[in-house]
Amino acid sequence: MSEDNELSPEIEAALKDVSAVDPVVRDQHIAAALSEIASPSAPNRRLRFLSVAAAAVVLVAGGIAFSRNSDDTPPALAADTTAISVPKASSDPSCAEEFSGLWDDSGSLGAFTHLGINYEMIQRTGVLSLYLSQEPCTKIGEIQYGEAMKVRDKVDDSPQQGAECDWSSAPLARYTDRAEGDSYSLVLAKTDSGVSLFFVNRCTESLGSIALPAVGD
Amino acid sequence: MTTDALLVKRAQRGDRNAVDELLRENYDIVRAVCHRIVINSSDAEDATQIALMAIVRALPSFDGRAKFSTWVYRIATNAALDELRRIRRRDIPNDDAKFENISVSDGTNAIDAQMDVSAALAQVPEEFRVALVLRHIADLEYEEIAVILDVPVGTVRSRLSRGRAQLTALLGNQGDATQRQNNDTGGQ
């Protein structure tokens, strides 16, 4: 369909002429978006991590055996060696990989960028944690909602009256968690000051929030 | 099947390189849509990020009935409008206020021209601004804009007409704008 009432070429060109993008920012944006497809491969990353951990255990066990065969090395030193945090020794900066060896039910919900800072969302049953996605991973907050799920199990689960929950573009992550045999759909959404967690059909009742650093404001 | 269609298919099957390529192909236009709707630069960057993530999340559900680019613009527009709603809830002045008293330059300098058009766009009502962006940045047909905004084609035509007139007037070509507005209203 052709329309004859167009803008002048000069104005149209100015409209399209948005300031040039910083290639670093563009790459960060795309990397964060690609992390949305990273979740299905998490088991592979976990497997890779476990193989690294297993190799570390073999080395440590060999060290213990060697130390026990040596009269000069006290047993306590070998015990201390086994206490070295293997996840911290991982060369992969991914927070998900770093913590996947600690909790069987943990996993990454993906990453996002806010004001040029990358964050990674790690979830395990009843807890959502937010980390600065860097080496080493640094936790900036967590939301514990396990009790809220248990309470929810005993109340009316119908959609909230008078509140239309439209998550079409707001959510940073949408996932399902379980408590006492029931599943609950949850949404982590960006808010004015940070991120907040909601049951998917209760968009006005936050389960908890984490403030994001106001860098660059 | 076109190259783009093949790329989309590969992306839908989880080919990370294909998704990366699709995002890079559409990055500039997604960012432009977000910047021109949201206006405030840092908020527009956030909207761009959210739009890209939404595109990746929604890729498996793209059914090919619309053009892929139209589908992308719809997501970018929704992300930008959602960011505007967040800005309003924030209840602090955004860049719109800063632009209210900016004088219009002669437009000979590229940066001046860009500032002018941002300042002028900030003063165009949101519903006209969104229509202008979809038409003149995303190069969408009226019918496609109508689908994205879920309004009749006549409403799109009206919003564009009034938006163009306001934008042109704000940028100093009031004579042209008046003429176009007269043409538009006379044709309906």
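These notes cover the structure that comes with them. Bear in mind that the values here come from a model prediction, so they are computed numbers and not experimental data.

**Re the interface of chain B and chain A**
Working step 1: At the interface, 48 residues of chain B touch 40 residues of chain A.
Working step 2: At the junction of chain B with chain A, the criterion picks out three salt bridges.
Working step 3: A:Lys190 is paired through a salt bridge with B:Asp46; the nearest N and O atoms lie 3.0 Å apart.
Working step 4: Between the two partners, chain B and chain A, sit 12 residue pairs in polar contact (both at pLDDT 80 or more).
Working step 5: At 11 residues, the largest contribution of residues to the side of chain B that touches chain A is made by helix α2 (residues 16-38) of chain B.
Working step 6: Here the side of chain B that touches chain A is built from residues that sort into 16 nonpolar, 10 polar and 22 charged.

**Remarks on helix α8 (residues 142-149) of chain B**
Residues and elements named next belong to chain B.
Working step 1: When you tally the buried positions in α8, you get six out of eight residues, the bulk of the element.
Working step 2: Among the residues of α8, those classed as buried are Tyr142, Glu144, Ile145, Ala146, Ile148 and Leu149.
Working step 3: Buried residues along α8 sit against α4 (68-90), α7 (126-136) and α9 (153-170).
Working step 4: Just past α8, the residue Asp150 takes up positive phi, approximately 55°.

**Notes on the sheet that holds strand β7 (residues 194-199) of chain A**
Residue and element names in this part refer to chain A.
Working step 1: Taken together, the four strands give an open sheet; going across it, the order is β5-β6-β7-β8, and neighbouring strands pair in antiparallel fashion. Both edges of this open sheet fall to β5 (171-179) and β8 (206-211), since each of them pairs with a single strand only. Direction aside, the axes of adjacent strands within the sheet are offset by 20° on average.
Working step 2: Bridge analysis of strand β6 (residues 182-190) against β7 gives five bridges, and the strand direction is antiparallel. Among the inter-strand pairings, Lys190 is bridged to a residue of β7, identified as Val195.

So, how was this worked out
- Along each chain, residue indices are assigned from 1 in the same order as the chain's sequence is written.
- Following the order in which they are written, the chains are lettered starting with A and the ligands numbered starting with 1.
- Under the rules for a predicted model, residues below a pLDDT of 70 receive no local features and side-chain atom pairs below 80 are neither given nor counted, while totals for whole chains, interfaces and linings still include all residues.
- Excluding hydrogens and water, the side-chain figures rest on all heavy atoms present in the structure.
- What makes two residues a contact is simply this: any of their non-hydrogen atoms within 4.5 Å.
- The salt bridge definition used is simple: a Lys or Arg side-chain nitrogen within 4 Å of an Asp or Glu carboxyl oxygen.
- The definition of a polar contact used here is a pair of N or O atoms within 3.5 Å, where within protein one atom must be able to donate a hydrogen and the other to accept one, and adjacent residues in sequence count solely through side-chain atom pairs.
- Each helix is a run of DSSP H or I of at least 4 residues and each strand a run of E of at least 2, with the numbering of both proceeding from the N terminus.
- Under this grouping Gly is polar, as are all residues other than the nonpolar Ala, Val, Leu, Ile, Met, Phe, Trp, Tyr, Cys and Pro and the charged Asp, Glu, Lys and Arg.
- Note on exposure labels: buried denotes an accessible area under 20% of the residue type's maximum, exposed denotes more than 50%, and partly exposed covers the range between, all computed with a 1.4 Å probe on protein chains only.
- Two strands pair under a simple rule: DSSP has to find at least two bridges between them.
- Note on method: axes are straight lines fitted to C-alpha atoms, helices fitted across the in-contact stretch only, with angles between N-to-C directions ranging 0 to 180 degrees.

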